[in-house]
Amino acid sequence: MSSAAPLPLPGRQNPLVIGGRMDADRALLTPRGELVRGCAEALAEKLAGLPVGTARIDLDMSGVHFMDSAGLEFLEVLRDHGRRRRLPVTATRWNGQPRRILELAGLDTTDPLRSPAPHGTPPPAPSAVAREREERLHLLQEEVEQLRQAVASRPVIDQARGILMATYGCTSDEAWHILREASQLANTKLRAVAESLTACAATEGTPPPEEVRIALSRAAARRSSR
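As the structure is a prediction and not an experimental result, all values here were calculated from the model. Sequence order as written defines the numbering, with residues in each chain counted from 1. pLDDT decides what is reported in this predicted model: residues at 70 or higher carry local features, side-chain atom pairs at 80 or more are listed and counted, and totals for whole chains, interfaces and linings draw on all residues regardless. Only hydrogens and water are set aside; all other atoms, that is, all heavy atoms of the structure, feed into the side-chain values.

Enquirer: Describe the overall build of the protein, naming the residues involved and giving the relevant values.
Expert: The helix count covers DSSP runs of H or I at least four residues long, the strand count covers runs of E at least two residues long, and both are numbered beginning at the N terminus. The secondary structure content of the protein amounts to seven helices and six strands. If you list the helices and strands of the protein from N to C, you get β-β-β-α-β-β-α-β-α-α-α-α-α. The classification of residues rests on relative accessible area computed with a 1.4 Å probe and restricted to protein chains. Under 20% of the type maximum is buried, over 50% is exposed, and intermediate values are partly exposed. When burial is assessed residue by residue, the protein has 39% of its 226 residues classed as buried. Put simply, of all contacts in the protein between residues at least 6 apart along the chain, 62% involve residues at least 24 apart. Note on contacts: a residue pair is in contact if any heavy atoms of the two residues lie within 4.5 Å.

Listed below in structure tokens is the structure:
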């Protein structure tokens, strides 16, 4: 049996699915997909369906490739379940972007359910803890927002790359570098550069602004000369 979370982000095709098996009295759960809105509810449903007598729960997080702040709620559901049932719970093998989010949140990337302070280390003063937590949460919110914008921008950027590939006979990677370099040269957001290209290619489309057009030409010329 698997539990799935709804998919909130546009353009993504991998909602969370939680598989797993029992090894004697130990539950081995394997989430796959994204820790986004609804993931905590999916975990709670999965935990509620574990057999009576389960003495330990271990989550292998290597199949999770995207996480926003809802992932912290996911962890809290797991932690609370362990406290209420008085059994050990772990969430290990984090990688990629989810691991980065854990770092920004100040959690142990080996197992965020474990206390981050080594034994014998005195805790920082409360005011310092509050300031550090506020800074980390701010960074976390910024990074998640950037990721959301990148997801929303993906379709138009892919279209622009296709236009450049057809125009200059370049590869997909080369088209990406042209877009990124043109964005820097024109001091214009990459999404805006991509939108101007796709608008130009449309029927009765308008040409890109002059600074974008010049930047694209320069970026393409540099790429072809390498």
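Still to come is the rest of the account.
Enquirer: I'd like a description of the nonpolar core, backed by residues and values.
Expert: By nonpolar core we mean a set of buried residues, namely Ala, Val, Leu, Ile, Met, Phe, Trp, Tyr and Cys, connected to one another through side-chain atoms within 4.5 Å. In this structure, L35, I57, L59, F74 and L78 are the most contacted members of the largest nonpolar core, which totals 26 residues. At the level of elements, β3 (26-35), α1 (39-48), β4 (56-60), β5 (64-67), α2 (70-85), β6 (89-92) and α3 (96-104) are the ones that each hand at least two residues to this core. Sequence-distant contacts of L78, defined by excluding residues within four places in its chain, comprise L43, L47, I57, L59, V89, T90, A91 and L113. Formed by 19 residues, the second largest nonpolar core is a distinct cluster that contains V156, L197, V212 and A215.

Enquirer: I'd like to hear about the environment of R85, residue by residue, with values.
Expert: Structurally, R85 can be placed in helix α2. Residues R85 and T54, spaced 31 residues apart in sequence, show a C-alpha to C-alpha distance of 9.3 Å.

Enquirer: Could you give an account of the packing of α1 against α2, with specific residues and numbers?
Expert: Contact pair α1 / α2: the axes reach a minimum separation of 8 Å and the direction vectors enclose 25 degrees. By the angle between their axes, α1 is roughly parallel relative to α2. Considering only the axes of α1 and α2, their crossing is right-handed. Residues C39, A40, E41, L43, A44 and L47 of α1 form the contact with α2, whose participating residues are A70, G71, E73, F74, V77, L78 and H81. Partitioning the contact of α1 with α2 into residue classes produces nine nonpolar, two polar and two charged. Simply put, an axis is a line fit to the C-alpha atoms, just over the touching stretch for a helix, and the angle between two N-to-C directions goes from 0 to 180 degrees. Oblique is the label for any angle not covered by the other classes, which are roughly parallel (under 35 degrees), roughly antiparallel (over 145) and roughly perpendicular (65 to 115). With the far helix as reference, a near helix turned anticlockwise by less than a right angle produces a left-handed crossing, and one turned clockwise produces a right-handed crossing. By the convention adopted, Pro, Cys, Tyr, Trp, Phe, Met, Ile, Leu, Val and Ala count as nonpolar, Lys, Arg, Asp and Glu as charged, and the other residues, Gly among them, as polar.

Enquirer: So what's going on with the confidence of the model for the protein? Which residues, and what values?
Expert: Every residue gets a pLDDT, meaning the predictor's confidence in that residue, from 0 to 100. Mean pLDDT over the protein stands at 81; residues scoring 70 or higher make up 74%. The least confident element of the protein, judged by mean pLDDT, is strand β1 (residues 3-4) at 51; the most confident is β4 at 97. Every residue in residues 5-13 scores below 50 in pLDDT, and together they form 24 contacts with partners more than four places removed in sequence or on other chains.

Enquirer: Describe in detail the pattern of salt bridges, supporting the description with residues and values.
Expert: Any Lys or Arg side-chain nitrogen found within 4 Å of a carboxyl oxygen on Asp or Glu counts as a salt bridge. This structure, assessed with the given rule, holds ten salt bridges. Here R83 and E76 are joined by a salt bridge, their closest N and O atoms 3.9 Å apart. Take E76: its relative accessible area is 36%, and that puts it in the partly exposed class. One salt bridge connects E181 with R222, and the closest N-O pair in it is separated by 2.8 Å. Here R222 lies in helix α7 (residues 210-225) and E181 lies in helix α5 (residues 172-186), a separation of 41 residues in the sequence. Because the salt bridges share partners, they merge into one network encompassing R26, R56 and D58.

Enquirer: Outline the side chain of T188, supporting the account with residue identities and numerical values.
Expert: Relative to the elements of secondary structure, T188 occurs in the loop between α5 and α6 (190-201). From its side chain, T188 meets the backbone oxygen of A186 in a polar contact 3.0 Å long. Setting aside residues no more than four positions away along its own chain, T188 makes contact with S183, V193 and V212. Any pair of nitrogen or oxygen atoms within 3.5 Å is treated as a polar contact; in protein, a donor-acceptor pairing is required on top of that, and neighbouring residues in sequence qualify only through side-chain atoms on both sides.

Enquirer: I'd love a proper account of α5, names of residues and values included.
Expert: Residues spaced three or four apart along an α-helix point in a common direction, a consequence of the helix completing one turn every 3.6 residues. Across its 15 residues, α5 extends 21 Å between first and last C-alpha, which sits within 8% of the 21 Å expected from 1.5 Å per residue. For α5, the complete set of buried residues consists of A175, I178, L179, E181, A182, S183 and A186. After α5 finishes, the residue N187 shows a positive phi value of roughly 55 degrees. Every helix has an expected span of 1.5 Å times one less than the residues it contains.

Enquirer: Residue-level account of unusual backbone geometry, with values.
Expert: Positive phi is not limited to glycine here, since A24 has a value of about 60 degrees. Locating A24 in the fold gives a position in the loop between β2 (17-23) and β3. Overall, A24 belongs to the exposed group, its relative accessible area being 72%. A positive phi angle is found at N187, which is not glycine, with a value near 55 degrees. Along the polypeptide, N187 turns up in the loop between α5 and α6. For N187, a relative accessible area of 73% corresponds to the exposed category.

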